[in-house]
Amino acid sequence: MKVKRSRGERIFEVFNYILLSVIMLGCLYPVWYVCVASFSDSNLLTQHMGLLLKPLGFSLDAYKKVFQNPMILKGYMNTIFILVVGVILDLIMTSLGAYFLSRKRVMFKKPVMLFIIFTMFFSGGMIPFYLNLKDLHLTGTRWGLIIPFMISTYNMIILRTSFESIPESLIEAAQIDGAGHITILAQVVLPLSKAILAVMVLYYGVSIWNSWFWASAIIRNREMYPLQIILREILMQNDTSSMTAGASSMDTEAIGMTIKYATIMVATVPILCVYPFLQKYFTKGTMVGAVKE
């Protein structure tokens, strides 16, 4: 039976659609602006004022200049290494911690959980953390961006809640068959948690892809710079000299602007392409990890 909505409800729904559409356009336009500006002619772009809805004289010069910069490709390779290895280790360590905390008969479970939650609100500080990395010989290496960040407390709590929602009868049946904890985790718990694991991949992946601070603090060898450090140099320090060599000062300023936009697109598009593949798991995984039955 179809419920007839009141006039006020219909007005509210229309207002909701309009408001959300305006917010959506406000979020999408900056991305669209950067995209079309990166394909625009640099001289026309510098003369343009106001909204930009389509490329001004289609040109791929900025992208050609970007990929001529050897540091872009090196940054990509470093970031991909940190991303792939980091996400794999993050999932392993987070799953182990979440499984331990999700079991009912665990000694000192509550004190351990409180101790872990304590780290979400208080830490030793930036300088002690850096000194620890230095003493462990993790500075000046890409492993310093992977090993200290293998577990996010927030993600582990979400994953633990998801594991707790798995029927205990399945765990007991596996134990009766002689399965140990590692076997139960690998063959029972994880296969039933694909949705929340996809969310963890997204959370960890985006965090690693966007991180730049600790890379700039502990890595001095430019050959090891991740992509975000290269992007920061181009945007914040206005360093496009390696991509505008041979151009006049006026042309350098003009093409330098489009190069910045093209670099942003090159650094952003790969991680944006991941979202459509994980979107179907995102809502389901988040709800499963957030609600305890």
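Whatever comes next refers back to the structure up there.
Just so we're clear, the structure is a prediction, and the values are computed from it rather than from any experiment.

Cut-offs and rules
- Residues numbered from 1 in each chain as written.
- Predicted model: local features only at pLDDT ≥ 70, side-chain atom pairs only at ≥ 80, totals over all residues.
- Heavy atoms only, no water.
- Helix = DSSP H or I, 4+ residues; strand = E, 2+ residues; numbered from the N terminus.
- Contact = heavy atoms within 4.5 Å.
- Phe/Tyr/Trp six-rings, centres within 6.5 Å; stacked < 30°, edge-to-face > 60°.
- Lys NZ or Arg CZ within 6 Å of the ring centre and 35° of its normal.
- Buried < 20%, exposed > 50% of the residue type's maximum accessible area, 1.4 Å probe, protein only.

**Student:** So, unusual backbone geometry: which residues are in play, and what are the values?
**Tutor:** If you check the backbone angles, F108 has positive phi at about 60 degrees while not being a glycine. Here F108 lies in the loop between helix 4 (70-102) and helix 5 (109-121).

**Student:** Can you lay out the environment of I218 for me, pointing to particular residues and giving the numbers?
**Tutor:** Mapped onto the elements, I218 comes out in helix 11 (residues 213-218). If near-sequence neighbours (up to four positions away) are discounted, I218 is found in contact with Y130, L133, L138, T139, G140, T141, G144 and L145.

**Student:** With reference to specific residues and values, describe the packing of aromatic side chains.
**Tutor:** By the definition in use, this model includes 11 aromatic pairs. An aromatic cluster is built from F129, F149, W212, F213 and W214, whose rings are joined through pairwise contacts. When the ring centre of F81 is taken as reference, the NZ or CZ atom of R142 above it lies at 4.5 Å.

**Student:** Tell me about the environment of R103, and name the residues and values.
**Tutor:** For R103, the location among the structural elements is in the loop between helix 4 and helix 5. Overall, R103 belongs to the buried group, its relative accessible area being 8%. Put simply, R103 and F163 are 60 residues apart on the chain and 8.7 Å apart in space, counted from C-alpha to C-alpha. When near neighbours in sequence (up to four residues on either side) are disregarded, R103 contacts K109, F163, E168 and I171.

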